[in-house]
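Structure at a glance
What follows is the residue order along each chain.
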Amino acid sequence: MGIPVFVLAGLLVHCVFLVSIFDIYFSSPLVHGMTPQQTPLPPPAKRLVLFVADGLRADSLYELSSNNTSRAPYLRSILENKGSWGISHTRVPTESRPGHVALIAGFYEDVSAVAKGWKENPVEFDSVFNESKYTWSWGSPDILPMFAKGATGDHVYTFCYTAESEDFGADDAAKLDTWVFDHVKSFFNSSRSNQTLFSALNKEKVVLFLHLLGIDTNGHAHRPNSREYKENIEKVDEGIKEIVSLIDNFYGNDGKTAFILTSDHGMTDWGSHGAGHPSETLTPLIVWGAGVNYPQKVESQVFEDNFLKEWKLEHLKRLDVNQADVAPLMASLIGVPFPLNSVGTLPLEYLNNSAHFKAESIFTNAVQILEQFKVKMSQKKETTLSFLFTPFKPLSDSEQMNFLKKARLFIQQQKYDEVVSLCKTLINLALDGLSYYHTYDRLFLGLSIAVSFVGWTTYVILVIIKMHTNLTKTVQANSKESTVLFYSFAFVGMMIIFFLWIQTCPWTYYIYCLLPVPVWHAVVRELPVIQDLARNLLSFHITQSVGFLLVCTLGIEILVFSFFYRSTLTVGLLVFAGWPVISQLWVQAKTTALIWTLLCLLLAIFPLMPVVGREPNIPLVIAAGLLTLLISCFSLPSFCKSENRYRNNEDMKVHFYQMLTIALSTYVVSSTHDSLKNKQGLPVLNQIISWMTLVSSLVVPFLSPTFLLQRLFSILLSLMSTYLLLSTGYEALFPLVLSGLMFVWIHMEQEALQHYGLSLKPKLAVFNFTCVTDITQFRQLHLDDVRRAFFFVFFIVTAFFGTGNIASVNSFDPASVYCFLTVFSPFMMGGLLLLKVVIPFVLVSCAFEAVQVITQLSSKSLFLIVLVISDIMALHFFFLVKDYGSWLDIGTSISHYVLVMSLTIFMMLMNGLAQLLTTKRLELPRRTKHHST
């Protein structure tokens, strides 16, 4: 197999591995074709007003300030005198879109929405708005349109401000909420002179939705414990009071309006959300008005948290719900059909109605969820051979009939308590059944991928041994055996295709199930190599082989552990610090070994630091900029040693330009931070400089000499100027320490080569990336090369987790991109944050490229070892993926697998990028002198 074919095959196989996890764990749970279910009794309310205070934490609303007064006095008086209250428990990912879908449509969105940036509808779904007669909504252009788009007919109206209004750098984000309140007031005022609108507003089954984004924006910009965040809560409280009064007056206090205040998600103390920390998953829920229970006084109540005492609400019954339960509650209050895809359970304790109404409502809820179960079961039955189909036993057809008959009988006999407990049992069984059929093919698909994984890793190991070591002799393949082998595997492939075809499986199943066939065919073809290798290995000492395997296993386990505990990287770096002593290298290079040890110890501090973004520290960013400038000045003498005077001048110009961009970046970070602190927004000049620096940093390294150390230093300076602009604290020092260690690593590898007698020691300065090494000079792999590859993977993981756990969504801090933009734009911000993650990667990849040059190894051979290490790690995470336990556990396990798979694909691309960055050179046009005659 040629190199291009091998790389292409590798990329394809890894892309399949990566995508498979989304098919196996994250396919859309939604089904279509159910009959809408509606409570047959008249509802208590004609209309419903839903206030969603985006990013509002439960504790921020309920807690009392230092002088024992509430931040939201109006809402506090409501929950004490007029309505019911509790905590709504959200699910990961705690983002605005999934939160609103859970509240309004009643189901927890699958991760296929990530690709849409939480904005568009990846799948059509039903919602309370869709089932209503009319819905009017005011607020953010990121949220409102998705509910209008999915609605059938033209009865969901949206009024949005511009996307540019969502500015983290604005003087006061509370104006977003003021905009909503003002527009609702003018809407009601204008309806008095518009007869069509007036009559529509007086219809039944009307919903008014106010999306209040100010609190979330202020939380991101200033943190939830800031004065701005708390003042915004006060403004929202005043605004809600005015709107409630306005609506009551408009309808002549008819007592037919129900009100709900809640939030889509909370926020961490450092101003981010997305993961499963309690500050993100606990949101407030206050319900009052028509059909809602009054406050229920209690002597004592037990909850795992200690919030009741802190909030001084022990005496009022706290009614906790899951976020998706709010949708059936809204549907029940205004008498619309429950959203078709809702998986929420109606929280009956919030309802102030007859026992008959509650029994009918929970029965409707149970039938609506059972409908989804039936559709899911029939879909799975159709695509599975009858003798292979194993139904969900607790809800067989007879069991379903039994439940429904019993419930109907109890309603007729007015045994309403029995109805409620029976329906709750049925709901839980139907939800279990939905989950059972949703994950029906998981084991089968998982095994297919695992078999492919093992096959691919085995094949890569065989390629390394066959092509790049002396462990085996070249064996001529028997053409007759090869033909038999090919037809045998082709037959197996045909059988798999036939089996999947008669079950009408989706096309992706064909890819996952057929992938093991060519992979294992490639492995079995190398059978002579395996036999030859086995004979050779038997001649080695058993203890040596076992010892080598144990060390390899330990190394990979350390890498796997580092994904869960960043401090593992510190342990690894401390072991690395002692490497020169263990390998006796310090004897021949004492100074280099000492610097290596010091830099390892310095880098070991970073994984012990708190995750980036929690506390901005601009002086450290400025210090990193000045330190980079100082190092640049010390490196100037190396340019003066060049032979070519013209080249020397050109190189000096490039070097001075890079120093200038570092100085400018340092200034921009400082002045942008001050400007935002003083609420003056992002200065336009700073924004222009930031974008120009970013663009130039991608081009300037190509203008520098291709001598090994000069080119690497040029890449560091260019990338450092962009990294400074994306830094908010100690992480600005990280690329400097990492690069320092990389430079020393290159020196140490040269010493190691000499130590093992594999090479003479030419000066590092004479190495040139562009000098194509003669193919005959490539040497075979040595055992020490496995250590080199392991170092590379370890440094890549350190580059990834050194300054924060990127696997957690809530470690992304929008403050990192404030030098470039402050207006909310998920894809642009995500792209810049991704660039920040990539920069340390690039530095390590370029150093690895340099190591390959000086060790005279073909880049393919070392890279194959890297591939094996990362694939074994990926297989670990594949088996560690889980879909049970807390949502944080589920999210983390899947993101780890996605990370390590992306890492493998990414390293293939990084390898190419590093080669491009280190070998290509752009020539500036020379000015020619004209002599006058």
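Here's a quick rundown of the structure. Sequence order as written defines the numbering, with residues in each chain counted from 1. A pLDDT threshold of at least 70 governs which residues receive local features in this predicted model, and a stricter bar of 80 or more applies before side-chain atom pairs are shown or counted, although totals over entire chains, interfaces and linings include all residues. Water and hydrogen atoms were dropped before computing side-chain values, which therefore reflect all heavy atoms in the structure.

**Considering the overall build of the protein**
Summing up its helical and strand segments, the protein has 35 helices and eight strands in all. Partly exposed describes any residue whose relative accessible area lies between the buried limit of under 20% and the exposed limit of over 50%, with all areas from a 1.4 Å probe on protein chains only and scaled to the type maximum. Here the protein holds 933 residues, and 56% of them are scored as buried. Counting contacts in the protein only where the partners sit at least 6 residues apart, residues at least 24 apart contribute 80% of the total. For accessible areas, the Shrake-Rupley method is used with a probe of radius 1.4 Å. Any residue's cover is judged against the shown protein chains and nothing else. Accessible surface computed for the protein: about 40500 Å², of which carbon and sulfur atoms make up 63%. The helix count covers DSSP runs of H or I at least four residues long, the strand count covers runs of E at least two residues long, and both are numbered beginning at the N terminus. Two residues qualify as a contact provided that any one of their heavy atoms is within 4.5 Å of a heavy atom in the partner residue.

**Topic: the packing of aromatic side chains**
Centre distance within 6.5 Å is the pairing criterion for rings of Phe, Tyr and Trp, where only the six-membered ring of Trp is used; planes under 30 degrees apart are then read as stacked, over 60 as edge-to-face, and the remainder as tilted. Counted by the stated rule, this structure contains 59 aromatic pairs. Taking 5.3 Å as the distance between ring centres and 65° as the angle between the ring planes, the aromatic pair formed by tryptophan 579 and tryptophan 596 counts as edge-to-face. Of the two residues, tryptophan 579 sits in helix 24 (residues 579-582) while tryptophan 596 sits in helix 25 (residues 590-603), which places them 17 residues apart along the sequence. A single burial state applies to tryptophan 579 and to tryptophan 596, both of which are buried. Three or more aromatic residues joined by ring pairs make a cluster, and in this case those are Tyr134, Trp136, Trp138, Tyr157, Phe159, Phe187, Phe188, Phe198, Phe250 and Tyr251. Whether a charge sits over a ring comes down to the Lys NZ or Arg CZ being within 6 Å of the ring centre and within 35 degrees of the ring normal. The side chain of arginine 318 reaches across the aromatic face of phenylalanine 303, ending 3.8 Å from its centre. One Lys or Arg, arginine 787, reaches over the ring of phenylalanine 791 and ends 4.8 Å from the middle of that ring.

**Brief notes about the packing of helix 31 (residues 734-755) against helix 33 (residues 826-854)**
The angle between the axes and the distance between the axes are what describe a pair of packed helices. Structural elements are reduced to axes, namely lines fitted to C-alpha atoms, with helices fitted over the stretch in contact, and the angle between N-to-C directions of any two is expressed from 0 to 180 degrees. Look at helix 31 against helix 33: their axes get within 10 Å of each other, and the N-to-C directions meet at 15°. Taken together, the axis directions place helix 31 and helix 33 in an arrangement best described as roughly parallel. The handedness of the crossing between helix 31 and helix 33 is right-handed. Contact residues: helix 31 offers Phe734, Pro735, Leu738, Ser739, Met742, Trp745, Ile746, Glu749, Gln750 and Leu753, while helix 33 offers Pro840, Leu843, Val844, Ala847, Phe848, Ala850, Val851 and Ile854. Three categories are distinguished: nonpolar for Ala, Val, Leu, Ile, Met, Phe, Trp, Tyr, Cys and Pro, charged for Asp, Glu, Lys and Arg, and polar for the others, with Gly belonging to the last. In the contact of helix 31 with helix 33, the residues fall into 15 nonpolar, two polar and one charged. To sort the angles, those under 35 degrees are grouped as roughly parallel, those over 145 as roughly antiparallel, those from 65 to 115 as roughly perpendicular, and the leftovers as oblique. In a left-handed crossing the near helix is turned counterclockwise from the far helix by less than a right angle, and in a right-handed crossing that turn is clockwise.

**Things to note about the pattern of salt bridges**
Once the charged atoms of two side chains with opposite charge are near each other, the side chains can pair. Salt bridges are defined by distance alone: a side-chain nitrogen of Lys or Arg within 4 Å of a carboxyl oxygen of Asp or Glu. According to the stated counting rule, one finds 20 salt bridges in the structure shown. The residue glutamate 228 makes a salt bridge to arginine 227 at a minimum N-O spacing of 3.6 Å. A network of salt bridges, in which partner residues are shared, links Arg227, Glu228, Glu231 and Lys679.

**Details of the environment of glutamate 849**
Of note, glutamate 849 is situated in helix 33. With relative accessibility at 7%, the residue glutamate 849 sits in the buried group. For the pair glutamate 849 and glycine 912, spaced 63 residues apart in the sequence, the C-alpha separation amounts to 9.8 Å.

**Some points on the nonpolar core**
For this analysis, a nonpolar core means a set of buried residues of the types Ala, Val, Leu, Ile, Met, Phe, Trp, Tyr and Cys, connected via side-chain atoms within 4.5 Å. Membership of the largest hydrophobic core comes to 121 residues, with the highest contact counts inside it found for Trp596, Trp745, Phe795 and Met873. It is helix 33 that contributes the most residues to this core, 14 residues altogether. Discounting residues that sit within four places of it in the chain, phenylalanine 795 has contacts with Leu573, Phe576, Trp596, Leu741, Met742, Trp745 and Val844. One finds Val52, Phe129, Leu329 and Leu434 within the second-largest nonpolar core, a separate group that totals 71 residues.

**A word on helix 7 (residues 175-191)**
Expected helix span is taken as 1.5 Å per residue step, with the number of steps being one fewer than the number of residues. Along its 17 residues, helix 7 runs 24 Å from first to last C-alpha, staying within 8% of the 24 Å computed at 1.5 Å per residue. For helix 7, the full list of buried residues reads Leu176, Asp177, Val180, Phe181, Val184, Phe187, Phe188 and Ser191. Looking down the long axis of helix 7, one finds its buried residues gathered within 140° of arc, a one-sided arrangement. If you follow the buried residues of helix 7, they end up packed against strand 3 (134-139), strand 4 (156-160), helix 8 (195-201), strand 5 (206-212), helix 9 (214-222) and helix 10 (227-250). For this quantity, the arc is that covered by the directions from the helix axis to the C-beta atoms.

**Things to note about a nonpolar patch on the surface**
Here, patches come from residues exposed beyond 30% relative accessible area and free of salt bridges, joined within 9 Å for like charges and within 5 Å for nonpolar side chains (Val, Leu, Ile, Met, Phe, Trp, Tyr). Among the surface-exposed residues, Phe387, Leu388, Phe498, Phe499, Trp501 and Ile502 lie close enough to one another that they form a single nonpolar patch of about 650 Å² accessible area. We classify tryptophan 501 as exposed; its relative accessible area is 56%.

**Some remarks on helix 16 (residues 416-438)**
Residue pairs spaced three or four apart in an α-helix point in one direction, given the helix's 3.6 residues per turn. For helix 16, with 23 residues, the first-to-last C-alpha span of 33 Å sits near the 33 Å given by 1.5 Å per residue. Restricting attention to buried positions, one finds in helix 16 the residues Tyr416, Val419, Val420, Leu422, Cys423, Leu426, Ile427, Leu429, Ala430, Gly433, Leu434 and Tyr437. Its buried side turned inward, helix 16 meets helix 14 (355-382) and helix 15 (397-412).

**Considering unusual backbone geometry**
For lysine 205, which is not glycine, the phi torsion reads 55° and is therefore positive. Looking at the element boundaries, lysine 205 is found in the loop between helix 8 and strand 5. Residue classification places lysine 205 among the partly exposed residues on the basis of a relative accessible area of 27%. The phi angle at threonine 504 is positive, at roughly 45°, despite the residue not being glycine. Its place among the elements puts threonine 504 in the loop between helix 18 (479-502) and helix 19 (507-514). Since its relative accessible area comes to 51%, threonine 504 is described here as exposed.

**Digging into the environment of serine 263**
For serine 263, the position within the fold is in the loop between strand 6 (257-262) and helix 11 (278-281). Classification of serine 263 as buried rests on a relative accessible area of 0%. Sequence-distant contacts of serine 263, that is, excluding residues within four places in its chain, are made with Val52, Ala53, Asp54, Gly55, Leu56, Leu103, Thr283, Pro284 and Gln323. Here a polar contact is taken to be a pair of N or O atoms separated by no more than 3.5 Å, where protein atoms must pair a possible hydrogen donor with a possible acceptor and residues adjacent in sequence count only if both atoms sit in side chains. Here the side chain of serine 263 touches alanine 53 through a polar contact of 3.0 Å, landing on its backbone oxygen. Among the polar contacts listed, one links the side chain of serine 263 to the backbone nitrogen of leucine 56, at a separation of 3.2 Å.

**Looking at the environment of leucine 903**
Its location among the elements puts leucine 903 in helix 35 (residues 887-919). Placed 32 residues apart in sequence, leucine 903 and aspartate 871 show a C-alpha to C-alpha distance of 9.8 Å. Residues contacting leucine 903, with those up to four places away along its chain left out, are Ile796, Val797 and Phe841.

**Quick word on the sheet that holds strand 8 (residues 321-322)**
As summarised here, the arrangement of the eight strands in space is 4-3-5-1-6-7-2-8, forming an open sheet in which the pairing is mixed. In this open sheet, the two edge strands, each paired with only one partner strand, are strand 4 and strand 8. Pairs of strands are assigned from DSSP output, requiring at least two bridges between the strands. The pairing of strand 3 with strand 5 spans five bridges and is classified as parallel. Looking across to strand 5, one finds that tyrosine 134 is bridged to valine 206. Running at roughly 65° to strand 7 (residues 282-289), helix 3 (residues 73-81) makes contact with strand 2 (84-89), strand 6 and strand 7 of the sheet.

**Points about the pairing of strand 1 (residues 47-53)**
Taken across its seven residues, strand 1 has seven buried, putting it largely inside the fold. Alternating residues of strand 1 divide into Arg47, Val49, Phe51 and Ala53 and Leu48, Leu50 and Val52, and every residue in both groups is buried. Across seven bridges, the pairing between strand 1 and strand 5 is parallel. Counted as the bridge partner of valine 52 is histidine 211 from strand 5.

**Side note on the pairing of strand 5**
Summarising burial for strand 5: seven of the seven residues are buried, a large majority. With burial as the criterion, each face of strand 5 is covered, one bearing Val206, Leu208, Leu210 and Leu212 and the other bearing Val207, Phe209 and His211.

**A closer look at the packing of helix 3 against helix 10**
Packing of helix 3 against helix 10 brings their axes to within 7 Å, and their N-to-C directions diverge by 60°. Between helix 3 and helix 10, the angle falls in the class oblique. Of the residues in helix 10, those in contact with Pro73, Tyr74 and Leu75 of helix 3 are Asp237, Ile240, Lys241 and Val244. Of the residues contributing to the contact of helix 3 with helix 10, the split by class is five nonpolar, no polar and two charged.

**Details of the side chain of serine 583**
Its location among the elements puts serine 583 in the loop between helix 24 and helix 25. You can call serine 583 buried: its relative accessible area is 14%. At 2.8 Å, the side chain of serine 583 forms a polar contact with the backbone oxygen of tryptophan 579.

Remember that the coordinates give geometry; whether it matters functionally is a separate question.
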